[in-house]
Amino acid sequence: MFGTIVVASNGSETADRALAAAECLAHEVSSRVVLAHIIEVMMRRGFAHPVNPSEDWLLTKLRLQVAGMQAAGVNAELETRTTPGEPTRVLADIAEACDADLIVTGGGRRNLIGEFVLGSVGRRPPRLASCPVLVIPPTRRRQAPGPSEVVRPREDAVASWQR
């Protein structure tokens, strides 16, 4: 069904959840997992500087994740690419080069301005990819308590305040 699964990772918690979902699916259908990491760079004075200052730490984390999957019996590999441009386009290129049957990515949590300026890897792949895309939603933030959860002062405490 899914011979090759490409997982987009930027090292975030949502990307880790996407990787866990892909690993589970890979176990079920004996798929190959390609963990794709796109290193975004800024070009300045002829040199490329990573946008993420923790890129070395992040690559170590991703290598360990791939090693963990391999130890668990999953055919996994890490694919990194560097781009000064659109990471979603590079992700689609990686999926095309790997002959991917599925792309798994985390859905980001950005406001409208953040998505306009930085883009959203969770929204763009379905339009650019030539295979199905599974978007794992971010974890829900705890919402403000509802009316039934609001802590109300005891009546005897209210009575003592009114005195």
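Residues numbered from 1 in each chain as written. Predicted model: local features only at pLDDT ≥ 70, side-chain atom pairs only at ≥ 80, totals over all residues. Heavy atoms only, no water.

(A) Representation of the pattern of salt bridges in the model. By the definition in use, this model includes three salt bridges. Here arginine 32 ties to glutamate 77 by a salt bridge, and the two come within 3.4 Å at their closest N and O atoms. Placement of arginine 32 in strand β2 (residues 32-44) and of glutamate 77 in strand β4 (residues 75-83) is noted, with a sequence separation of 45 residues between them. Arginine 32 sits in the partly exposed class, given a relative accessible area of 23%. Measuring nitrogen to oxygen at the nearest pair gives 3.2 Å for the salt bridge that ties arginine 81 to glutamate 79. A relative accessible area of 28% places arginine 81 in the partly exposed class. Owing to a relative accessible area of 21%, glutamate 79 belongs among the partly exposed residues under this scheme. (Salt bridge = Lys/Arg side-chain N within 4 Å of Asp/Glu carboxyl O. Helix = DSSP H or I, 4+ residues; strand = E, 2+ residues; numbered from the N terminus. Buried < 20%, exposed > 50% of the residue type's maximum accessible area, 1.4 Å probe, protein only.)

(B) Broad picture of the nonpolar core. Ile5, Val7, Val33, Met69 and Val104 are the most contacted members of the largest nonpolar core, which totals 18 residues. Of all elements in the fold, only β1 (4-8), α1 (13-29), β2, α2 (55-71) and β5 (102-106) reach the threshold of two or more residues within this core. Of all hydrophobic cores here, the second largest spans 14 residues; its members include Ala36, Leu91, Ile103 and Ala129. (Core = buried A, V, L, I, M, F, W, Y, C linked by side-chain atoms within 4.5 Å.)

(C) Highlighting the confidence of the model for the chain. Looking at the chain, pLDDT values average 79 and 73% of them are 70 or higher. With pLDDT under 50 throughout, residues 111-120 is counted as low confidence; its partners more than four residues away or in other chains account for nine contacts. In this model residues 149-153 is a low-confidence stretch, pLDDT under 50, and it forms four contacts with partners more than four residues away in sequence or in other chains. (pLDDT = per-residue confidence, 0-100. Contact = heavy atoms within 4.5 Å.)

(D) Layout of a negative patch on the surface. Taken together, the side chains of Asp93, Glu96, Asp99 and Asp101 define an acidic patch exposed on the protein surface. Turning to its location among the elements, aspartate 93 is positioned in helix α3 (residues 87-97). Aspartate 93 gets classed as partly exposed once you look at its relative accessible area, which sits at 42%. (Patch = residues over 30% accessible without salt bridge, like charges linked within 9 Å, V, L, I, M, F, W, Y side chains within 5 Å. Areas by Shrake-Rupley, 256 points an atom, 1.4 Å probe, with all protein chains shown as cover. Lys, Arg positive; Asp, Glu negative; His and termini not counted. Charge placed at Lys NZ, Arg CZ, Asp CG, Glu CD.)

(E) Expanded view of the packing of α1 against α2. One can describe the packing of α1 onto α2 by two numbers: an axis separation of 12 Å at closest approach and a directional angle of 20°. As judged from the angle between their axes, α1 and α2 are roughly parallel. Between α1 and α2 the crossing geometry is right-handed. Seen from α1, the contacting residues are Asp16, Leu19 and Glu23; seen from α2, they are Lys61, Gln65 and Met69. The residue inventory of the contact of α1 with α2, partitioned by class, reads two nonpolar, one polar and three charged. (Axes fitted to C-alpha atoms, helices over the stretch in contact; angles between N-to-C directions. Parallel < 35°, antiparallel > 145°, perpendicular 65-115°, else oblique. Left-handed = near helix turned anticlockwise from the far one by under 90°. Nonpolar A, V, L, I, M, F, W, Y, C, P; charged D, E, K, R; others polar.)

(F) Spotlight on the environment of proline 138. For proline 138, the position within the fold is in the loop between β6 (133-136) and α6 (155-161). Residue classification places proline 138 among the partly exposed residues on the basis of a relative accessible area of 23%. Taking the C-alpha atoms as reference points, proline 138 and alanine 15, 123 residues apart in sequence, are found 8.7 Å from one another.

(G) Structural context of the pairing of β5. Summarising burial for β5: five of the five residues are buried, a large majority. Burial of the side chains of β5 extends over both faces: Leu102, Val104 and Gly106 are buried on one face and Ile103 and Thr105 on the other. As paired strands, β1 and β5 are joined by three bridges and run parallel to one another. By the bridge assignment for β5, valine 7 is matched with valine 104. The pairing of β5 with β6 spans four bridges and is classified as parallel. Paired with threonine 105 across the two strands is valine 135, which belongs to β6. (Pairing = 2+ DSSP bridges.)

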